[in-house]
Amino acid sequence: MTSAQQDNPAATSAASLAALRGNCMGAAVLLVIQFGIGIGVNLYITVPKHKSFLPAVFGSAMLAAHAIVSVVLLGAAIGALVRAIRSRKAIVFTSAGLTAVLAAGFAGASFVSNGSDGASLAMALAAVVAMFCYLAAVVSLR
């Protein structure tokens, strides 16, 4: 027994594109939230120099929120790429977005370990690139 949606490829395609658009928009919104929290962390939180990674990150509620949103964002980025590959649409934008999210994550880990201004800048620029990629994907799916 098949569902009506499986019988109609156009409905399945429209539904999968709508899901991909929603996933990309969700990733973009998470990036805006992440960027705002990151600005707050940069302005108001001093990352401890002589602590290991997890105690340093979870020593501040704002820094912990930043880390938790980053994990949710990584899941959204992976989900967007999987949906893009399945629908064969916006693969370049979603793969570039995932790459930028990963780059921001690595720059953030570097920032926590050494407090480098360069790592902070790299994290912010990678987040902006990821925002562009996911918003471009949303536009390209119309």
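Residues numbered from 1 in each chain as written. Predicted model: local features only at pLDDT ≥ 70, side-chain atom pairs only at ≥ 80, totals over all residues. Heavy atoms only, no water.

(A) Seen up close, unusual backbone geometry. Despite not being glycine, Arg-88 has its phi angle at roughly 60°, a positive value. As for its position among the elements, Arg-88 is in the loop between helix 4 (61-87) and helix 5 (91-114). Judged by its relative accessible area of 71%, Arg-88 is exposed. Of note in the backbone geometry, Ala-90 takes a positive phi value of approximately 55° without being a glycine. Mapped onto the secondary structure, Ala-90 falls in the loop between helix 4 and helix 5. (Helix = DSSP H or I, 4+ residues; strand = E, 2+ residues; numbered from the N terminus. Buried < 20%, exposed > 50% of the residue type's maximum accessible area, 1.4 Å probe, protein only.)

(B) How the structure looks around helix 5. The end-to-end C-alpha separation of helix 5 is 34 Å, in line with the 34 Å expected for 24 residues at 1.5 Å each. Residues of helix 5 that are buried include every one of Thr-94, Gly-97, Leu-98, Ala-100, Val-101, Ala-104, Ala-107, Gly-108, Phe-111 and Val-112, and no others. Positive backbone phi, approximately 65°, marks Gly-115, located one or two places after helix 5. (Expected span 1.5 Å × (residues − 1).)

(C) Spatial organisation of the packing of helix 4 against helix 5. Put simply, helix 4 and helix 5 touch, their axes get as near as 9 Å, and they point 160° apart. Judged by the inter-axis angle, helix 4 sits roughly antiparallel to helix 5. As helix 4 runs across helix 5, the sense of the crossing is left-handed. Residues Leu-73, Leu-74, Ala-77, Ile-78, Ala-80, Leu-81, Ala-84 and Ile-85 of helix 4 lie in contact with helix 5, whose contacting residues are Ile-91, Thr-94, Ser-95, Leu-98, Val-101 and Leu-102. For the contact of helix 4 with helix 5, the class distribution of residues is twelve nonpolar, two polar and no charged. (Axes fitted to C-alpha atoms, helices over the stretch in contact; angles between N-to-C directions. Parallel < 35°, antiparallel > 145°, perpendicular 65-115°, else oblique. Left-handed = near helix turned anticlockwise from the far one by under 90°. Contact = heavy atoms within 4.5 Å. Nonpolar A, V, L, I, M, F, W, Y, C, P; charged D, E, K, R; others polar.)

(D) How the structure looks around the environment of Ala-119. Tracing the backbone through its elements, the reader meets Ala-119 in helix 6 (residues 117-140). Assessed through its relative accessible area of 8%, Ala-119 is described here as buried. In contact with Ala-119, not counting residues within four places along its chain, are Ala-107, Ser-110 and Phe-111.

(E) Just the side chain of Ser-120, in detail. Within the secondary structure layout, Ser-120 lies in helix 6. With a relative accessible area of 15%, Ser-120 lands in the buried category. For Ser-120, the contacting residues outside a window of four places in its chain are Asn-42 and Phe-111.

These results come straight from atomic positions and should not be treated as a statement about function.
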